[in-house]
Amino acid sequence: TARRLEGVGSTIFAEMSALAVRTGSVNLGQGFPDLSGPASVVEAAYDAMRAGRNQYPPGHGSPELVAAVVSHQRRHYGLELTPDQVVVTTGATEAVAAAVLGLVDPGDEVVVLEPYYDSYRAMVQFAGGVRRPVTLRAPDYRLDVAELEAAVTPRTKLVLLNTPHNPTGHVLSRAELEGVADVARRHDLVVVTDEVYEHLVFDDHRHVPLATLPGMFERTVTISSSGKTFSFTGWKIGWASGPAELVAAVEGAKNWLSYSSGAPFQPAVAHALEHEDAFHEALRDDLLAKRDHLCAGLAELGLEVHVPQGTYFVTTDVSSLGWEDSMAFCLGLAERARVVAIPSQVFYEDGSEEGRHLVRWAFCKEREVIDEGLRRLRGAR
Ligand code: PMP
Ligand code: GLN
């Protein structure tokens, strides 16, 4: 194997889902919903297949999906984009990959919020870049902008941001984002911001796209995906948007990764973006109730619960139950209780103490599944 694979292993989500199958566990690990998105969108995919949309779509994206992303950004955020400022990708995963590969040279530094989504680490490594983590600390996971600034050096090429944040559920506030914007403008940095959970924000928290702050559109690549937004994680339709030069760099790399994908799903996701705004609200309300239910159940078991502001994940500190190591806890839990969760330590730098006791639980599951998970956890106490 090539050196670029060293230390990145296989993804924790695949490992833990395989463990769930092997042990017959309730899977509260990998973040995928139990239920599909809107029926009208599934119909639109069938229609597209029947209409013969089964060959390579344009690498840039199907025109109606590009137009729908333009219209979504205008309607929700007042951002005015042109079609050359959008590129469709094979999920947000490919958008992140293409952004990093298209923008980072070997030796360049990438500032990244720790804990970080696992593909960020692999992609920075593939590009030959160097991670400069800035840690969001439990229990509130606020971003210390002074620490972000301290991570910037003359070699910094980009900041890789994620809000709402996986795994912590932290939603960067306008004040935190203004701090990021200030640092980016003063140091002339590009920011790639992964906003796949843009519509999954609870209580009085609000998602603010970084690109809407003054002077930021021209230096920001914004990423989202139909996986989280419409509960079609297996369709792998994502997109990136931003100024044409940055989008061209993303597309320049993406052309040599998948080139294009998901022909019939692209018009279906266009339909979703144009006609299914109500789905976000329904999904959010449903997830809010499930968040509260799972958080209450986990707290009752004696876990310290860090209630998320967004996403469909909740983090707990298992040291309150006497466990020091979240990996040992999760591996043991699958055997003992037949419940799978994600050891958040894998989202931190190797050997970091910060994430050692943290475990992530997904609540994008049917109520009965969450209940069965809680029942098993209670029984295994
Ligand atoms: N970024 C984050 C923060 C995620 O949680 C995920 C997982 N859905 C992705 C990117 C990948 O998205 P996709 O499934 O669209 O590739
Ligand atoms: N994003 C999902 C999560 O955080 C998993 C995606 C994947 O399996 N790669 O759970």
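Residues numbered from 1 in each chain as written. Chains lettered and ligands numbered in written order. Predicted model: local features only at pLDDT ≥ 70, side-chain atom pairs only at ≥ 80, totals over all residues.

S.K.: Got a minute to help me understand the sheet that holds strand β5 (residues 156-162) in this structure?
M.R.: To summarise the sheet geometry, strands pair through backbone hydrogen bonds and adopt either a parallel or an antiparallel arrangement. The mixed open sheet is built from seven strands, whose spatial order is β2-β8-β7-β6-β5-β3-β4. Looking at which strands have only one partner, the edges of the open sheet turn out to be β2 (86-90) and β4 (130-135). Ignoring strand direction, the axes of neighbouring strands in this sheet form an average angle of 25 degrees. As paired elements, β5 and strand β6 (residues 190-194) share five bridges and run parallel to each other. For Val-159, the partnering residue across the bridge sits in β6 and is Val-191. Against the sheet, helix α9 (residues 244-254) contacts β2, β6, β7 (220-225) and β8 (237-241), and its axis sits at roughly 30 degrees relative to β2. (Pairing = 2+ DSSP bridges. Helix = DSSP H or I, 4+ residues; strand = E, 2+ residues; numbered from the N terminus. Axes fitted to C-alpha atoms, helices over the stretch in contact; angles between N-to-C directions. Contact = placed C-beta atoms within 7 Å.)

S.K.: What exactly am I supposed to notice about the domain arrangement of the protein here?
M.R.: Often the size quoted for an interface is simply the accessible area lost on bringing the parts together. Under the domain assignment used here, the protein contains domain 1 (3-37 + 278-379) and domain 2 (39-275). Computed from C-alpha atoms alone, the centre-to-centre distance between domain 1 and domain 2 is 24 Å. With 35 residues of domain 1 at the interface, the matching set in domain 2 holds 36 residues. Contributing elements (two or more residues each) for the side of domain 1 that touches domain 2: α11 (277-300), β10 (313-317) and β13 (358-362). The dominant element in the side of domain 1 that touches domain 2, judged by the number of residues it contributes, is α11, at seven residues. Across the side of domain 1 that touches domain 2, the residue classes tally to 17 nonpolar, eleven polar and seven charged. (Domains from an automatic or database assignment. Nonpolar A, V, L, I, M, F, W, Y, C, P; charged D, E, K, R; others polar.)

S.K.: Mind showing me how you'd approach helix α1 (residues 12-23) here?
M.R.: Quick reminder: α-helices carry 3.6 residues per turn. Residues three or four places apart thus point the same way. Under the 1.5 Å per step criterion, the end-to-end length of α1 is 16 Å for twelve residues, consistent within 8% with the ideal 16 Å. Ile-12, Met-16 and Ala-20 are the residues of α1 that are buried. Across the axial projection of α1, the buried residues extend over an arc of 75 degrees, all falling on one side. When the buried face of α1 is taken as reference, the exposed residues oriented beyond 90 degrees from it are Ala-14, Val-21 and Arg-22. On its buried face, α1 sits against β1 (26-27), α5 (118-126), α12 (326-336), β11 (339-340) and β12 (342-343). (Expected span 1.5 Å × (residues − 1). Buried ≥ 20, exposed ≤ 12 C-beta atoms within 10 Å, placed from the backbone. Arc of directions from axis to C-beta.)

S.K.: How do you make sense of the sheet that holds β10 when you look at a structure like this?
M.R.: The strand order across the open sheet formed by four strands is β9-β10-β13-β12, and the pairing between neighbours is antiparallel. Of all strands in the sheet, those with a lone pairing partner are β9 (304-306) and β12, marking the two edges. As paired strands, β12 and β13 are joined by two bridges and run antiparallel to one another. In the sheet register, Pro-343 faces β13, and the bridge partner there is Val-359. Of the strands in this sheet, β9, β10 and β13 touch α11, which is tilted by about 15 degrees from β10.

S.K.: What should I look at first to understand the UniProt feature "domain: Aminotransferase class I/classII large" (unreviewed entry) in the protein in this one?
M.R.: As recorded in UniProt, the sites labelled "domain: Aminotransferase class I/classII large" (unreviewed entry) are residues 26-369. The distance separating the terminal C-alpha atoms of residues 26-369 is 7 Å; by composition the span is 39% helix and 17% strand. (UniProt positions renumbered as here; feature names shortened; annotations may be inferred.)

S.K.: I tried to follow the environment of Ser-260 on my own but got confused; where do I start?
M.R.: In this structure, Ser-260 sits in the loop between α9 and α10 (265-275). For the pair Ser-260 and Gly-61, spaced 199 residues apart in the sequence, the C-alpha separation amounts to 7.4 Å.

S.K.: Looking at this structure, I do not really get the confidence of the model for the protein. What am I missing?
M.R.: The predicted coordinates of low-pLDDT regions are not to be read in fine detail. Chain-level pLDDT for the protein is 97 on average; 100% of the residues reach the 70-or-more range. This complex was scored by the predictor with a pTM of 0.97 and an ipTM of 0.97. (pLDDT = per-residue confidence, 0-100.)

S.K.: Any chance you could explain the site of ligand 2 here in plain terms?
M.R.: In the vicinity of ligand 2, the contacting residues are Thr-11, Phe-13, Gln-30, Gly-31 and Asn-166. Its residues placed into classes, the shell around ligand 2 shows one nonpolar, four polar and no charged. (Near = placed C-beta within 6 Å.)

S.K.: Hey, could you run me through the nonpolar core in this one?
M.R.: Side chains of a nonpolar character, in soluble globular proteins, are inclined to be buried together. By size, the foremost hydrophobic cluster in this structure holds 113 residues, and its most contacted members are Ala-99, Val-100, Val-180, Val-250 and Trp-361. Here the element with the most residues in this core is helix α4 (residues 91-103); it accounts for nine residues. For this core, the two domains that each supply at least three residues are domain 1 (3-37 + 278-379) and domain 2 (39-275). Beyond its immediate chain neighbours, meaning those up to four positions away, Val-180 contacts Val-145, Leu-148, Val-159, Leu-161, Val-191 and Leu-210. (Core = buried A, V, L, I, M, F, W, Y, C linked by C-beta atoms within 7 Å.)

S.K.: So what exactly am I meant to see when it comes to the site of ligand 1 here?
M.R.: For ligand 1, the set of nearby residues contains 15 residues, the closest of which are Gly-91, Ala-92, Thr-93, Ser-225 and Gly-227. Listed by contribution, the elements that provide at least two residues to the shell around ligand 1 are α4 and α8 (226-230). Take the shell around ligand 1: its biggest share by element is three residues, from α4. Looking at the shell around ligand 1, its residues break down into three nonpolar, nine polar and three charged.

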